[in-house]
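# Per-entry structural report
Each chain, written out:
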Amino acid sequence: MGLRREPTARQVRLGAELRRLREAAGLRAREAAELLGVSSVQINQIESGLSGVSEVRLRSLAAHYMCTDEDLVSALVAMATSRTRGWWEEYRWLLPKPFLDLAELEHHATYLREVQFLFVPGPLQTEDYARAVFSYRVPELPSDEIELRVRHRMQRKAAIVGTPFEAIIHEAALRIMVGDRAASRAQLAHLLERAETEHVTVRVIPFGLEKFAGAASAMTYAGGAVPKLDTVVRDGPHGAAFIDSEAQLGAFRTLFHKVEAVSLDPERSRDFIHRLAKEL
C-alpha cells in the first residue's frame, strides 16, 4: 500500500496515539521497528498517519509497549481497520481540509459539546444563517463556494442527529443579527425547535452574569470511544486546531464544566431564547 497523499485528522490521531504509547514505554522508533521486524521509516510513517497499520501489527505494538488498557487498544484497532468512506469525502479537494476533518470527527463522536460566544453553533444553524456567516468572509467567497459550504454545513447537521449534543451559547451570539431580521428570527425559532429534541441540550449564558471570565473558552469538545481519544477543536486565525494531549483535554473538560455551571438550565434557556425572539 502506498503512502497517503493527505491523511485525515483521524488517521493522524491514530499515529499520534501509537507514538505516545511508544514514548511512554521508553522506546525509540528504531527499537520499536526491531521488535516488529520492520524499518524505522515504517514506524515513522505509521506514527505520522502517512501509512496504515493492520490489527495484528497494532496489537503487537501495543503488547511491546506494555499497554494494558484493552478498551484503548480496541478503540485504536477500530480506528485502524475502519474502511468507512464518509459523506464528507465528496467534498475532498473542493473545501479546505478542516471542513472534512471536523465532519469525520463528529461522525465518530460518542457525544458533542460546544461553547460559542459570537455565533450559533454550526450544527444548530439554519441555511440562511450559515449563508450569512460565509458571505461575510474576507476576501469574499464566490457564490458557488458559499453554497458549497452551506450544503456541507447542512449535511453535518443532519449527520449528527441522534448524537448527544450540548450547546452553551452566550447571549451575544443570540442577539447579533448575522443576517437580516427575518433570518435572525427564523434562527431563534429553529434553535428553540432543536432544543426540544431528545438528544440536544441548549444552555444560555446571559449578559447579566457577574464575574464571568470564560469568554475565551469557545470550543467544540468531541467524545471519543474512550476518554483518552476525546478531541477539542478550536478556531484560530489560520483555521481549526485539533487538540488531543491528555493534559489539555483535562483542562478543557474543566473549562467546559465551569462554563456549564454558570449557564442557565435548559428550561430557563428556552424561555430566555423565546423572549429574545419576541423582541425581534
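The structure this text deals with has already been given above.
## Some details on the overall build of the chain
Helices and strands together make up the secondary structure of the chain, namely twelve helices and six strands. The principal-axis extent of the C-alpha atoms belonging to the chain is close to 70 × 40 × 30 Å. Within the chain, the proportion of its 280 residues that are buried is 46%. Counting 37 positive and 38 negative side-chain charges, the chain places the centres of these two groups 2 Å from one another.

## Observations concerning the pattern of salt bridges
A full pass over the atoms with the stated rule returns 23 salt bridges. The residue Arg 156 makes a salt bridge to Glu 106 at a minimum N-O spacing of 2.7 Å. Within this pair, whereas Arg 156 is found in helix 8 (residues 143–159), its partner Glu 106 is found in helix 6 (residues 97–108), the two being separated by 50 residues in sequence. Of the residues examined, Arg 156 reaches a relative accessible area of 7% and is grouped as buried. Judged by its relative accessible area of 2%, Glu 106 falls in the buried class. Residues joined by salt bridges that share partners form a network here, namely Arg 13, Glu 17, Arg 20 and Asp 244.

## A short note on the pairing of strand 1 (residues 111–116)
Within strand 1, five of the six residues are buried, leaving the element largely enclosed by the surrounding structure. When strand 1 meets strand 4 (residues 219–223), the two strands line up antiparallel, connected through five bridges. Residue pairing across strands places Tyr 111 opposite Gly 223, the latter belonging to strand 4.

## Overview of the environment of Glu 267
Note on placement: Glu 267 falls in helix 12 (residues 266–279). On the basis of relative accessibility, which here comes to 54%, the residue Glu 267 falls in the exposed class. Spatially, the C-alpha atoms of Glu 267 and Phe 256 are 19 Å apart, while their sequence positions differ by eleven residues.

The rules behind these values
- Residues numbered from 1 in each chain as written.
- Predicted model: local features only at pLDDT ≥ 70, side-chain atom pairs only at ≥ 80, totals over all residues.
- Heavy atoms only, no water.
- Helix = DSSP H or I, 4+ residues; strand = E, 2+ residues; numbered from the N terminus.
- Buried < 20%, exposed > 50% of the residue type's maximum accessible area, 1.4 Å probe, protein only.
- Lys, Arg positive; Asp, Glu negative; His and termini not counted.
- Charge placed at Lys NZ, Arg CZ, Asp CG, Glu CD.
- Salt bridge = Lys/Arg side-chain N within 4 Å of Asp/Glu carboxyl O.
- Pairing = 2+ DSSP bridges.

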